[in-house]
Amino acid sequence: MKEAVLTNNAPQPIGPYSQAVLSKGILYISGQLPLNPNTNKLAIGIEDQARQCLENLKHILIEKGLEMNSVLKTTIFVTDFQLGVPFR
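First, a word on scope: everything that follows refers to the structure included in this document.

1. Focus on the overall build of the protein
And then number 1: A count of helices and strands for the protein gives one helix and five strands.
And then number 2: From first element to last, N terminus to C terminus, the protein shows the α and β order β-β-β-α-β-β.
And then number 3: When burial is assessed residue by residue, the protein has 20% of its 88 residues classed as buried.
And then number 4: Within the protein, contacts between residues at least 6 apart in sequence are counted, and of these 31% link residues at least 24 apart.

2. Side note on the layout of surface pockets
And then number 1: Space inside the second largest pocket adds up to approximately 170 Å³.
And then number 2: The class makeup of the residues in the lining of the second largest pocket is six nonpolar, six polar and no charged.

3. So, the pattern of salt bridges
Any two side chains of opposite charge can pair, so long as their charged atoms come close to each other.
And then number 1: Within the structure shown, the criterion is met by three salt bridges.
And then number 2: Of the charged contacts, one joins D48 and R51 as a salt bridge, the two residues approaching to 2.5 Å between their closest N and O atoms. Here D48 and its partner R51 are both found in helix α1 (residues 46–63), three residues apart, which amounts to about one turn of the helix.
And then number 3: According to the relative accessible area criterion, R51 is partly exposed, its value standing at 48%.
And then number 4: Its salt-bridge partner being E55, residue K58 comes within 3.4 Å of it at the nearest N-O pair. Of this pair, K58 and E55 both sit in helix α1, three residues apart, which is roughly one turn of the helix.
And then number 5: Accessibility expressed as a relative area gives 30% for E55, which makes it partly exposed.

4. Some points on the nonpolar core
And then number 1: Listed in full, the seven residues of the largest apolar core are V5, A10, A20, L27, L57, I60 and L61.
And then number 2: In terms of residue count, α1 provides more of this core than any other element does, three residues in total.
And then number 3: Setting aside anything within four residues of it in sequence, one finds I60 in contact with V5, T7, A10, Q19, A20, L27, I29 and Q32.

5. Some thoughts on unusual backbone geometry
And then number 1: Unusually for a residue other than glycine, K24 sits at a positive phi of about 50°.
And then number 2: One can find K24 in the loop between β2 (20–23) and β3 (26–29).
And then number 3: The phi dihedral of N40 falls on the positive side, at around 60°, and the residue is not glycine.
And then number 4: Note on placement: N40 falls in the loop between β3 and α1.
And then number 5: Judged by relative accessible area, which is 55%, N40 ranks as exposed.

6. A short note on α1
And then number 1: Between its first and last C-alpha atoms α1 spans 26 Å; for 18 residues at 1.5 Å apiece the expected length is 26 Å, and the two agree.
And then number 2: Within α1 the residues assigned to the buried category are Q52, N56, L57, I60 and L61.
And then number 3: Elements that come into contact with the buried residues of α1 comprise β1 (2–5), β2 and β3.

What counts, and where the lines are drawn
- In this numbering scheme, every chain counts its residues from 1 along its sequence in written order.
- Predicted model: local features are reported for residues with pLDDT of at least 70 only, side-chain atom pairs are reported and counted for 80 or more only, and whole-chain, interface and lining totals are derived from all residues.
- Side-chain figures throughout are based on the complete set of non-hydrogen atoms in the structure, without hydrogens or water.
- The numbering of helices and of strands both runs from the N terminus, where a helix is a DSSP run of H or I of at least 4 residues and a strand a run of E of at least 2.
- The buried label goes to any residue with under 20% of its type's maximum accessible area, the exposed label to any with over 50%, and the partly exposed label to all in between, with areas taken from a 1.4 Å probe on protein chains only.
- Pairs of residues are marked as contacts when any of their non-hydrogen atoms sit within 4.5 Å.
- We place a 1 Å grid over just the protein atoms. Points where a 1.4 Å probe fits but has no way out form a cavity, open points with protein on both sides within 12 Å along at least 5 of 7 lines form a pocket, and any residue with an atom within 4 Å of a point lines it.
- Grid points are joined across faces, edges and corners, and a volume is the space filled by probe spheres set on the points.
- Residue type decides the class: Asp, Glu, Lys and Arg count as charged, Ala, Val, Leu, Ile, Met, Phe, Trp, Tyr, Cys and Pro as nonpolar, and the leftover types, Gly among them, as polar.
- A carboxyl oxygen of Asp or Glu within 4 Å of a side-chain nitrogen of Lys or Arg is what we treat as a salt bridge.
- Nonpolar cores are built from buried Ala, Val, Leu, Ile, Met, Phe, Trp, Tyr and Cys residues. Side-chain atoms within 4.5 Å join them into one set.
- Multiplying 1.5 Å by the helix residue count minus one yields the expected span of that helix.

Below, the structure written as structure tokens:
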């Protein structure tokens, strides 16, 4: 059985997906943008953007009673949205 996970402490999905899905004891979290869930504004600068993405991830984990040390794997995509190409 799959369970969709949703918290108001992370940005709301803007498409037909969940913030996370719990299946067979594993929590799969969707990609996170550096959006502040309170203001719905993008963080400025790569450090603040990375921090905001991780804060969003943390709040989704907390919703299911988990902590950051529960994460087994994560992938970070860094893209210059203005140019539309990955940083190298």
